[in-house]
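The lines below spell out each chain.
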Amino acid sequence: MPDGAEPVLDVRGLKTVFKTRGGEIHAVNSVSFHLRPGEMLGVVGESGSGKSVTMMSLIGLLPSPPAEVRGGEVLLGGRDLLKLAPRELQAVRGAKVGFVFQDPMTSLNPVFSVGNQIMEPLIKHMGMTKRQAEDRAAELLALVGIPDARKRLKSYPHQFSGGMRQRVMIAIALACDPDVLIADEPTTALDVTIQAQIIELVKELRQKLGMAIVWITHDLGVIAGIADRVMVMYGGQVVEQAPVRELFANPQHPYTRALLKTVPSLTGERAARLEVIQGQPPILSGAPVACPFRARCAHAHDRCEAENPQRRAIDGLPVGQGHDVACHWSPEVRHG
Amino acid sequence: MADGGSPGALRKPLVSVRGLKMHFPIYAGILRRKVGAVKAVDGVSFDILEGETLGLVGESGCGKSTVGRALLRLYEPTAGQVVIGGEDIASLPPDALRRKRPMMQMVFQDPQASLNPRMTVAAIIGEPLDEHTDWDEDKKTARVYELMDQVGLNRRFANRYPHEFSGGQRQRIGIARALALNPRFIVCDEPIAALDVSIQAQVVNLLEDLQDRLGLTYLFISHDLSMVRHIADRVAVMYLGQIAELSPREALYARPLHPYARALLSAVPEADPTLEATRQRIILKGDVPSPANPPKGCNFCTRCPQVMAVCRDVEPELAEVEPGRFVACHLMAMDTAGGHASPGAEVREHNQQGEVK
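Starting afresh in each chain, residues are numbered from 1 along the sequence in its written order. Naming scheme: in the order in which they are written, chains are lettered from A and ligands are numbered from 1. Per-residue local features of the predicted model are confined to residues with pLDDT of at least 70, and side-chain atom pairs are confined, for both listing and counting, to 80 or more; whole-chain, interface and lining totals are unaffected and use all residues. With hydrogens and water set aside, each side-chain value is computed from the structure's full complement of heavy atoms.

As annotated in an unreviewed UniProt entry, chain B is Dipeptide ABC transporter ATP-binding protein from Paragemmobacter kunshanensis. Note on chain B: under the UniProt heading Subcellular location (unreviewed entry), the record states "Cell inner membrane". UniProt positions are given in the numbering used here, feature names are shortened, and annotations may be inferred rather than shown by experiment. A UniProt comment under Sequence similarities (unreviewed entry) is attached to chain B, and it reads "Belongs to the ABC transporter superfamily."

Chain A has the name ABC transporter ATP-binding protein in an unreviewed UniProt entry, where Paragemmobacter kunshanensis is given as its organism. Quoted verbatim from the Sequence similarities (unreviewed entry) field of UniProt, the annotation for chain A is "Belongs to the ABC transporter superfamily."

Caption draft 1: Spatial organisation of the overall build of chain A. To qualify as a helix, a DSSP run of H or I must reach at least 4 residues; to qualify as a strand, a run of E must reach at least 2; elements of each kind are numbered from the N terminus. A count of helices and strands for chain A gives 11 helices and 12 strands. Radius of gyration: C-alpha atoms only; globule rule: 2.2 Å multiplied by the number of residues to the exponent 0.38. Compactness check: chain A gives a C-alpha radius of gyration of 21 Å against a globular reference of 20 Å for 336 residues, within 12% of the reference. Using a 1.4 Å probe on the protein chains alone, a residue whose accessible area is under 20% of its type maximum counts as buried, one over 50% counts as exposed, and one in between counts as partly exposed. Each of the 336 residues in chain A was classed as buried or not, and the buried ones make up 53%. Contacts in chain A between residues at least 24 apart in sequence constitute 64% of all its contacts with a sequence separation of at least 6. The accessible surface values rely on the Shrake-Rupley method and a 1.4 Å probe; as for residues, cover is taken only from the protein chains in view. Element-wise, carbon and sulfur atoms account for 52% of the exposed surface of chain A, whose accessible area totals about 14700 Å². Counting 37 positive and 35 negative side-chain charges, chain A places the centres of these two groups 4 Å from one another. Every residue pair with non-hydrogen atoms within 4.5 Å of one another is taken to be in contact. Under the convention used here, Asp and Glu are negative, Lys and Arg are positive, and both His and the chain ends fall outside the count. In plain terms, the charge of a residue is placed at NZ if it is Lys, CZ if Arg, CG if Asp and CD if Glu.

Caption draft 2: Quick peek at helix H3 (residues 114–126) of chain A. All names here are of chain A. One less than the residue count of a helix, multiplied by 1.5 Å, gives the span that helix is expected to have. Between its first and last C-alpha atoms H3 spans 18 Å; for 13 residues at 1.5 Å apiece the expected length is 18 Å, and the two agree. Taken residue by residue, H3 has Val-114, Gly-115, Gln-117, Ile-118, Met-119, Pro-121 and Leu-122 as its buried positions. Elements that come into contact with the buried residues of H3 comprise helix H4 (130–143), helix H5 (149–152) and helix H6 (162–174). Directly beyond the C-terminal end of H3, a positive phi value near 65 degrees is found at Gly-127.

Caption draft 3: Just the packing of H3(A) against H4(A), in detail. Residue and element names in this part refer to chain A. Only the stretch in contact is used when fitting a helix axis, every axis being a line fitted to C-alpha atoms; angles between N-to-C directions are given from 0 to 180 degrees. Contact geometry of H3 with H4 gives a least axis separation of 9 Å together with a crossing angle of 130 degrees. The pairing of H3 with H4 is recorded here as oblique in orientation. For H3 against H4, the interelement crossing comes out right-handed. On the side of H3, the interface is formed by Ile-118, Met-119, Leu-122 and Ile-123, while H4 contributes Lys-130, Ala-133, Glu-134, Arg-136, Ala-137, Leu-140 and Leu-141. Each residue is assigned to one of three groups, with Ala, Val, Leu, Ile, Met, Phe, Trp, Tyr, Cys and Pro labelled nonpolar, Asp, Glu, Lys and Arg labelled charged, and all others, Gly among them, labelled polar. In terms of residue class, the contact of H3 with H4 is built from eight nonpolar, no polar and three charged. Should an angle fall under 35 degrees it is called roughly parallel, over 145 degrees roughly antiparallel, and 65 to 115 degrees roughly perpendicular, with every other angle called oblique. Should the near helix be turned anticlockwise from the far one by less than a right angle, the crossing is termed left-handed; should it be turned clockwise, right-handed.

Caption draft 4: Inspection of the UniProt feature "domain: ABC transporter" (unreviewed entry) in chain B at higher detail. Under the feature "domain: ABC transporter" (unreviewed entry), the UniProt entry names residues 17–265 of chain B. Between the end C-alpha atoms of residues 17–265 of chain B the distance is 25 Å, and the span holds 37% helix and 28% strand.

Caption draft 5: Looking closely at the domain arrangement of chain A. All names here are of chain A. Segment limits for the domains were obtained from an automatic or database-derived domain assignment. Segmenting chain A into domains produces domain 1 (9–90 + 180–195 + 211–265 + 273–325) and domain 2 (97–175). Taking only C-alpha atoms, the centre of domain 1 and the centre of domain 2 are 29 Å apart. Listed per partner, the contact involves 18 residues of domain 1 and 13 residues of domain 2. In this assembly, domain 1 packs against domain 2 so that about 1300 Å² is buried in total across both faces, 73% of it on carbon and sulfur atoms. Counted as salt bridges are all cases of a side-chain nitrogen of Lys or Arg within 4 Å of a carboxyl oxygen of Asp or Glu. There are zero salt bridges connecting domain 1 and domain 2. Pairs of N or O atoms within 3.5 Å make up the polar contacts considered here, provided that, within protein, one atom can donate a hydrogen while the other can accept it, and that residues adjacent in sequence are counted only when both atoms are side-chain atoms. Where domain 1 touches domain 2, the interface holds five residue pairs in polar contact (both at pLDDT 80 or more). Listing elements by their share of the side of domain 1 that touches domain 2, those giving two or more residues are helix H1 (51–58) and strand S7 (180–184). Ranked by residue count, the leading element in the side of domain 1 that touches domain 2 is S7, at five residues. Across the side of domain 1 that touches domain 2, the residue classes tally to 14 nonpolar, two polar and two charged. Using a 1.4 Å probe, buried area is obtained as the accessible area two parts lose upon being combined, added over both of them.

Caption draft 6: The sheet that holds strand S10 (residues 237–243) of chain A, seen in detail. Residue and element names in this part refer to chain A. Read across the sheet, eight strands follow the order S6-S7-S8-S3-S9-S10-S12-S11 without closing on themselves; strand pairing throughout is mixed. Whereas interior strands pair on both sides, the edge strands pair on one side only; in this sheet they are strand S6 (97–100) and strand S11 (312–313). Here S10 pairs with strand S12 (residues 324–325) via two bridges, running antiparallel. In the strand pairing of S12, Gln-241 is matched with Asp-324. Strands in contact with H6 are S6 and S7; relative to S6, the strand with the most contacts, it is inclined by about 170 degrees. Sitting on the sheet, helix H10 (residues 254–262) touches strand S3 (40–44), strand S9 (229–234) and S10, and the angle it makes with S9 is about 100 degrees. The criterion for strand pairing is that DSSP finds at least two bridges linking the strands in question.

Caption draft 7: Structural view of the sheet that holds strand S7 (residues 185–189) of chain B. Residues and elements named next belong to chain B. In spatial order, the strands read S6-S7-S8-S3-S9-S10-S12-S11; together these eight strands make up an open sheet with mixed pairing. Edge strands, defined here as strands with exactly one partner in the open sheet, are strand S6 (104–107) and strand S11 (319–322). Each adjacent strand pair in this sheet contributes to an overall mean axis angle of 25 degrees, direction not counted. Pairing geometry for S7 and strand S8 (residues 217–222), over five bridges, is parallel. Residue pairing for S8: Ile-186 is matched across the bridge by Tyr-218. Together, strand S3 (53–57), S6, S7, S8 and strand S9 (234–239) form the strand contacts of helix H1 (residues 64–71), whose direction differs from that of S8 by roughly 150 degrees. Strands S3, S9 and strand S10 (242–248) of the sheet are contacted by helix H9 (residues 259–267), whose axis makes an angle of about 100 degrees with S9.

Caption draft 8: Region of interest: the nonpolar core. By nonpolar core we mean a set of buried residues, namely Ala, Val, Leu, Ile, Met, Phe, Trp, Tyr and Cys, connected to one another through side-chain atoms within 4.5 Å. Core analysis: the largest hydrophobic core is formed by 72 residues, its most contacted members being B:Ile175 and B:Leu225. Setting aside chain neighbours within four positions, we find B:Ile175 in contact with B:Val107, B:Val151, B:Val203, B:Leu206, B:Leu207 and B:Leu210.

Caption draft 9: Looking closely at the interface of chain A and chain B. Chain A puts 44 residues into the contact, and the matching count from chain B is 44 residues. The contact between chain A and chain B buries some 3700 Å² in all, and 55% of this surface belongs to carbon and sulfur atoms. Summed over the three residues of chain A that lose the most area to chain B, namely A:Thr193, A:Leu266 and A:Arg270, the buried surface amounts to 22% of that side. Remark: the boundary between chain A and chain B carries one salt bridge. A:Arg273 is paired through a salt bridge with B:Asp209; the nearest N and O atoms lie 2.8 Å apart. With seven residues, the single largest contributor to the side of chain A that touches chain B is helix H7 (residues 192–209) of chain A. Looking at side-chain class alone, the side of chain A that touches chain B contains 19 nonpolar, 15 polar and 10 charged residues.

Caption draft 10: Region of the structure containing the side chain of B:Glu245. Residues and elements named next belong to chain B. Inspection of the secondary structure assignment puts Glu-245 in strand S10. Separated by 2.8 Å, the side chain of Glu-245 and the backbone nitrogen of His-258 make a polar contact. When neighbours within four sequence positions are excluded, Glu-245 is seen to be in contact with Val-235, Ala-236, Val-237, Leu-252, Pro-256, Leu-257, His-258, Ala-261, Arg-325, Phe-326 and Val-327.

Caption draft 11: Region of the structure containing the UniProt feature "domain: ABC transporter" (unreviewed entry) in chain A. UniProt records the feature "domain: ABC transporter" (unreviewed entry) for residues 12–260 of chain A in the present numbering. With 39% helix and 27% strand, the stretch residues 12–260 of chain A has end C-alpha atoms that lie 28 Å from each other.

Caption draft 12: How the structure looks around H1(B). Residues and elements named next belong to chain B. Burial runs high along H1: six of the eight residues are buried. The complete set of buried residues in H1 reads Lys-64, Thr-66, Val-67, Gly-68, Ala-70 and Leu-71. Two residues or fewer after H1 comes Arg-73, characterised by a positive phi angle close to 55 degrees.

Caption draft 13: Region of the structure containing the packing of aromatic side chains. Residue and element names in this part refer to chain A. Between 30 and 60 degrees the pair is tilted, below 30 it is stacked and above 60 it is edge-to-face, where a pair is any two Phe, Tyr or Trp rings, Trp via its six-membered ring, whose centres lie within 6.5 Å. Under the counting rule described, the total for this entry stands at nine aromatic pairs over all chains. Taken together through their ring pairs, the aromatic side chains of Tyr-234, Tyr-255 and Phe-293 make up a single cluster. Against the face of Phe-160 rests Arg-152, its NZ or CZ located 4.2 Å from the ring centre. A ring has a charge above it when a Lys NZ or an Arg CZ is no more than 6 Å from the ring centre and no more than 35 degrees off the ring normal.

This is the structure:
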């Protein structure tokens, strides 16, 4: 995939540390990625892999202290978001970057009507009058497939079901026509049939509106169905990145390979026994000097302990453009 | 574990549920008068064979966990029979029920909430022994160690507290506790839902090993259809308090018969981009109706893509439509009447009626 257009979002070497009484937790370690206009990037990882913290860091949503963004650049439309004053950043959030969180119950304010909550960014960021905002809010609700949109503006979050609430969240995130939509596990709290509705909706909206999307999930199945490119995170780092079909067909990192095998298939051959990744995810205290996966890796050798592997391309394209992996071992060259 | 295809004609049912109902009353007004009931489980019947795993799947609020709890009489069922090992649990007096408890146990969803944070691991695993045996301390300790070995917990951790363990290890503690009294039947209520993908496989493999070694019978409640396909021999699909379909695992996943089972399976994303690109999804419209006020007739009639006039009027019975396959749907009756057309073929014309309200 040659890059035709300038990326809308370009993250370089992002580092985030949490200061705790027990020392520093290196939650995000030199994470780099970019997003082209209209592209859907899937981010996969387990809890604690740093996927949510990465996204929260880039738009300054983490409370500091304990969080501290230690370095890196986040370029959105040519500006480095990490260098913006809080007020300037606030203008970016909501207007340029929309965010959809996992739990639609706790991310909506229960004491305001949903109309009120959709209108807020419109009035704040777009300078609309109340009247204009109300019209636009009704349009947005209709856009995300809520029937009887104008009437529903007066309803409160508790009057909606989980799936409907997530639709409202999406409407708020899309209110100001953002260039980038970040969806953090948007369907994890929902049932599968409702998840299917939301995925269908996001696909449709993306076609209609053309924004770039980052979709964070731990569900490889969801990723397979929606993403153009996938970034796999482990222990606060990007361990592998590739176009979606390439990643599933030709996984390189031992973690990705193991992860794909631990998920039982719905239709394919039924394994007599599930493949297991032994051990536990790492605790990210101390600076990352070794490979975070080494303790659970079947291919670990001395070098993995001594040196944290850098991302390297496996297809000749620049890192981040094609298929890259951060691992000393590779399936072709078996050493160690 | 049984070979999935055959429902084990030779084996006897260990658990036999007939017409189980669990209604939770709704009280309202100043006088707290009963104004209705949430029909969480509304007439459910099934058998679980000795040594088998029955998967119970469905979406949140369908009543699957309530079935599990009512089975072990953690709730007092409103109506119905639950025969486990020859005795009707639903009607046993308290003393007899207590003597019966050791043979039926439960593993809960949230290992954080189901372990007392002030008790050590040894005390948690040993508590059933305190309650149901008169063993001395040495014998109990020996048993606790044996259980920790069985579930893959290091004995050295016996005096630690639950917060010192990870989610997967905590679930192992919960499993060890369930095994303490040598049960024959275990209800696993979403035992892996709170765990990370890489840890889920560890726990599922452990449950399978224990089943092989100890001849356990499981009711495996889950919303993860891929995992249920892996672990279960037969699968019951629940919708709004009732069983829509109960079939052997391979038959269900290869060719679901109930329209809800079909929609549910088609909605599960598969970790294969090539397959996902070509897959036809049945997207259900709307939400699940309230169990306090289920629709008349078939409870799926408000969302069914193949709904017919009869569905809004008459409640379909769960009937055996093929050997070992039970389906509650009026389409099945039509199929048998009109020869064996593949379900869904001649009913496409109803497709547009799935809209709610």
